[in-house]
Amino acid sequence: MRVLAMLDGTLADPEARHLRVDDLGLIRGDGIFETILVVAGEPRELGPHLDRLARSAAMLQLPPPDRPQWERCVRVVLDAWQGDSEMALKLVYTRGPEFGDGTPTGFALGMPIGARTLRNRATGVRAVTLDRGYEPEIVARAPWLLLGAKSLSYAVNMAAIRYAEAHDAEEAIFIAADGSVLEGPTSSVVVVRGRTLRTTPPSSGILPGTTQGALFRAAEQAGWVTKVEPLTFAELTEADGLFLASSVRKITRVHTLDGVALPDATWLHGELGALYESEYR
Ligand code: PLP
């Protein structure tokens, strides 16, 4: 099932057409989004997702999202949902129609989690590293590149996943021009060595992940060390475990990187999964 609520809080038919054909979100990818995991009616990390929506809006110079209005809109979808226990809740906020009065378009759409995502959560994935084509130092110099914004311009990210799929993998990991590790097209990279978790810093032009944030919070409470610092490709292959984290995929294990099997991290995957779930008990 699917549930759609417009930003003004009205429920709408998800099978009907709602967007104007000149909406800038549609014709230029000029807008932002969030995807939130809802489990048993509880949205996970709603606060950090709304914070990040506001951060992306600021980067794109969109009107600041009205937080109480978004919270109401989310509530409308949650209350109307009668599907599976887990839902992917997408918030979309665009610049609105071209030559309009500047009123943004906003809606929240609740959907089931895709079969592919559920399968990958259980089995783990093969990933390939792909060149993202920028030096991390360009991030501060070129804010118009919107690196690290969760913009609707995800065609490159989707193309990277298709490229991975055409090359015997389910996932991709982007590498910067200086060789440092960035993120997946729709996930954060987490590397484990001993009792230390590491991920790459948002200053390298990546999206600060809410799932990675929740995992690190839980890990710190359980006595693990967490580090947010640049990672090299060698650190991916030398790790005890390599994981991709995101709201809908949770903590997914990478078992093969660039065609080479990584050390078996099944047990570590169980441990990280339990740490992450402990945040929601
Ligand atoms: N990085 C990118 C580029 C993403 O698109 C996503 C989520 O879709 C993430 C990281 C992970 O973010 P989160 O854990 O908040 O879902």
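Throughout what follows, the structure given in this document is the object of discussion. (Residues numbered from 1 in each chain as written. Predicted model: local features only at pLDDT ≥ 70, side-chain atom pairs only at ≥ 80, totals over all residues. Heavy atoms only, no water.)

### Considering the side chain of R44
Turning to step 1, where the next piece is worked out: Here R44 lies in the loop between β4 (42–43) and α2 (46–59).
Turning to step 2, where the next piece is worked out: Residue classification places R44 among the buried residues on the basis of a relative accessible area of 8%.
Turning to step 3, where the next piece is worked out: Within polar-contact distance, the side chain of R44 engages the side chain of Y276 at 3.2 Å.
Turning to step 4, where the next piece is worked out: If we skip the residues at most four places from it in the chain, R44 touches I36, L37, V39, H49, K250, Y276, E277 and Y280. (Helix = DSSP H or I, 4+ residues; strand = E, 2+ residues; numbered from the N terminus. Buried < 20%, exposed > 50% of the residue type's maximum accessible area, 1.4 Å probe, protein only. Polar contact = N/O pair within 3.5 Å; in protein donor to acceptor, adjacent residues only side chain to side chain. Contact = heavy atoms within 4.5 Å.)

### Describing the pairing of strand β1 (residues 3–6)
Turning to step 1, where the next piece is worked out: Both β1 and strand β6 (residues 105–111) contribute to a ladder of four bridges, which runs antiparallel. Considered in β6, the bridge of V3 is made with G110.
Turning to step 2, where the next piece is worked out: In this structure, β1 lies alongside strand β2 (residues 11–12), joined through two bridges in antiparallel fashion. The residue bridging L4 from the neighbouring strand is A12, located in β2.
Turning to step 3, where the next piece is worked out: Connecting the antiparallel pair β1 and β2 is a turn made up of four residues, with G9 showing a positive phi of about 95°. (Pairing = 2+ DSSP bridges.)

### Side note on the packing of helix α7 (residues 210–221) against helix α9 (residues 266–278)
Turning to step 1, where the next piece is worked out: At a minimum axis separation of 8 Å, α7 and α9 run at an interaxial angle of 95°. With respect to their mutual orientation, α7 and α9 come out roughly perpendicular. Contacts between α7 and α9 involve T211, A214, L215, A218 and A219 from the former and L272, L275, Y276 and S278 from the latter. (Axes fitted to C-alpha atoms, helices over the stretch in contact; angles between N-to-C directions. Parallel < 35°, antiparallel > 145°, perpendicular 65-115°, else oblique.)

### Some remarks on the pattern of salt bridges
Turning to step 1, where the next piece is worked out: Overall, the coordinates contain 20 salt bridges when judged by the stated rule.
Turning to step 2, where the next piece is worked out: Residue R217 pairs with E45 through a salt bridge whose shortest N-O separation is 3.0 Å. Taken as a pair, R217 in helix α7 and E45 in the loop between β4 and α2 lie far apart in primary sequence, 172 residues in all.
Turning to step 3, where the next piece is worked out: A residue is classified by how much of its surface remains accessible, and R217, at 34% relative accessible area, is partly exposed.
Turning to step 4, where the next piece is worked out: Linking E279 and R217 is a salt bridge whose minimum nitrogen-to-oxygen distance equals 2.7 Å. (Salt bridge = Lys/Arg side-chain N within 4 Å of Asp/Glu carboxyl O.)

### A short note on the environment of R95
Turning to step 1, where the next piece is worked out: Of note, R95 is situated in the loop between β5 (86–94) and β6.
Turning to step 2, where the next piece is worked out: Judged by its relative accessible area of 25%, R95 falls in the partly exposed class.
Turning to step 3, where the next piece is worked out: Each C-alpha atom, one on R95 and one on N120, is 34 Å from the other, the two residues being 25 residues apart in sequence.
Turning to step 4, where the next piece is worked out: The residues contacting R95, other than those within four sequence positions of it, are L24, D30, L60, Q61, L62, G102, T103 and P104.
Turning to step 5, where the next piece is worked out: Within the structure, the side chain of R95 is placed 2.7 Å from the backbone oxygen of L60, a separation counted as a polar contact.
Turning to step 6, where the next piece is worked out: Among the polar contacts listed, one links the side chain of R95 to the backbone oxygen of Q61, at a separation of 3.3 Å.

Any functional reading would require information beyond the geometric quantities listed.
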